[in-house]
Structure formats: C-alpha cells, structure tokens
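Observations on chain architecture
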Amino acid sequence: MSQPLRILSKPNAKYTDAARQNNLQGTVTLRVTFLASGAIGSISTIKGLPYGLTEQAIAAARAMTFEPEKVNGVPRTTTRPVSFTFSPHAPSSHATVSA
C-alpha cells in the first residue's frame, strides 16, 4: 500500500524589485528531493529566471513542509518537480508540485 507525498505548506517566493522593474514574468522549475526524514534535500534548477527569481524560488522550496511518500508504511525519499510562477502584477509567486 502506498501513500503519496503530501505537501503541508508551500511558501510563495518573493517577487524581486529588479524583476518588477524589468516587467519580468515566467516560471521557475526546480527538481526538489523530499527526504524520507521529512526534510528537504537537494534542489536543482530545471528552468530558471534572472533578477534573483530563481534564488527566491529555491529559498521558498527549502521552506516547504511535507509528509514523505510511504510505501507499505515506510517513508521513502522522492524527487519531484516544483514550479513557481511569477507575475509583475502579484507580490509573490504561486507554487505547484507535480506528482
């Protein structure tokens, strides 16, 4: 029996002043390792954005809380893509985690 990864909180990434001044919008996609221990492991960039947005997305991903995936009741480390969408009309990003 399996229980999928369950995200408990997804902080939004801060939209930087430099990105706002340049009217930048888009999506940062990260590869995030969710450890069996309940901690965030390694984070790598799949698709980044300039003006500090990639760094803001990484900081927000590090602050996520979750319940690890479980297989037969045993927590398991898993890696998932996590995307943060930025818009100059919003003060922060919107985060999504792919299954």
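Above this text you will find the structure in question.
Computed from a predicted model, the values in this text were never measured in an experiment.

**Regarding the overall build of the chain**
A count of helices and strands for the chain gives two helices and nine strands. Once local pairs closer than 6 in sequence are excluded, the contacts in the chain between residues at least 24 apart make up 69%. Summed over its atoms, the accessible surface of the chain is roughly 5400 Å², and 53% of this surface lies on carbon and sulfur atoms.

**A word on the packing of aromatic side chains**
Tallied over the full model, the rule gives two aromatic pairs. Arranged with centres 6.2 Å apart and planes meeting at 45°, the rings of tyrosine 15 and phenylalanine 86 form a pair that is tilted. Of this pair, tyrosine 15 sits in the loop between strand S2 (6-9) and helix H1 (17-21) while phenylalanine 86 sits in strand S8 (residues 78-86), and the two are 71 residues apart along the sequence. When sorted by exposure, tyrosine 15 lands in the same class as phenylalanine 86, which is buried.

**Examining the side chain of threonine 16**
Relative to the elements of secondary structure, threonine 16 occurs in the loop between S2 and H1. On the basis of relative accessible area, threonine 16 is assigned to the buried category, the value being 11%. Within polar-contact distance, the side chain of threonine 16 engages the backbone nitrogen of alanine 19 at 3.2 Å. One polar contact links the side chain of threonine 16 to the main-chain carbonyl oxygen of tyrosine 51, over a distance of 2.7 Å.

**Details of the side chain of serine 83**
As for its position among the elements, serine 83 is in strand S8. The exposure class of serine 83 is buried, given its relative accessible area of 15%. Among the polar contacts made by the side chain of serine 83, one reaches the side chain of threonine 29 at a distance of 3.3 Å.

**Re the pattern of salt bridges**
Pairs may arise between side chains of opposite charge once their charged atoms sit close together. Here the structure, examined in full by the defined rule, presents four salt bridges. In this structure, the salt-bridge partner of aspartate 17 is arginine 20, at a minimum N-O distance of 3.8 Å. In this pair, aspartate 17 and arginine 20 both sit in helix H1, three residues apart, roughly one turn of the helix. Arginine 20 gets classed as partly exposed once you look at its relative accessible area, which sits at 33%.

Analysis parameters
Residues numbered from 1 in each chain as written. Predicted model: local features only at pLDDT ≥ 70, side-chain atom pairs only at ≥ 80, totals over all residues. Heavy atoms only, no water. Helix = DSSP H or I, 4+ residues; strand = E, 2+ residues; numbered from the N terminus. Contact = heavy atoms within 4.5 Å. Areas by Shrake-Rupley, 256 points an atom, 1.4 Å probe, with all protein chains shown as cover. Phe/Tyr/Trp six-rings, centres within 6.5 Å; stacked < 30°, edge-to-face > 60°. Buried < 20%, exposed > 50% of the residue type's maximum accessible area, 1.4 Å probe, protein only. Polar contact = N/O pair within 3.5 Å; in protein donor to acceptor, adjacent residues only side chain to side chain. Salt bridge = Lys/Arg side-chain N within 4 Å of Asp/Glu carboxyl O.

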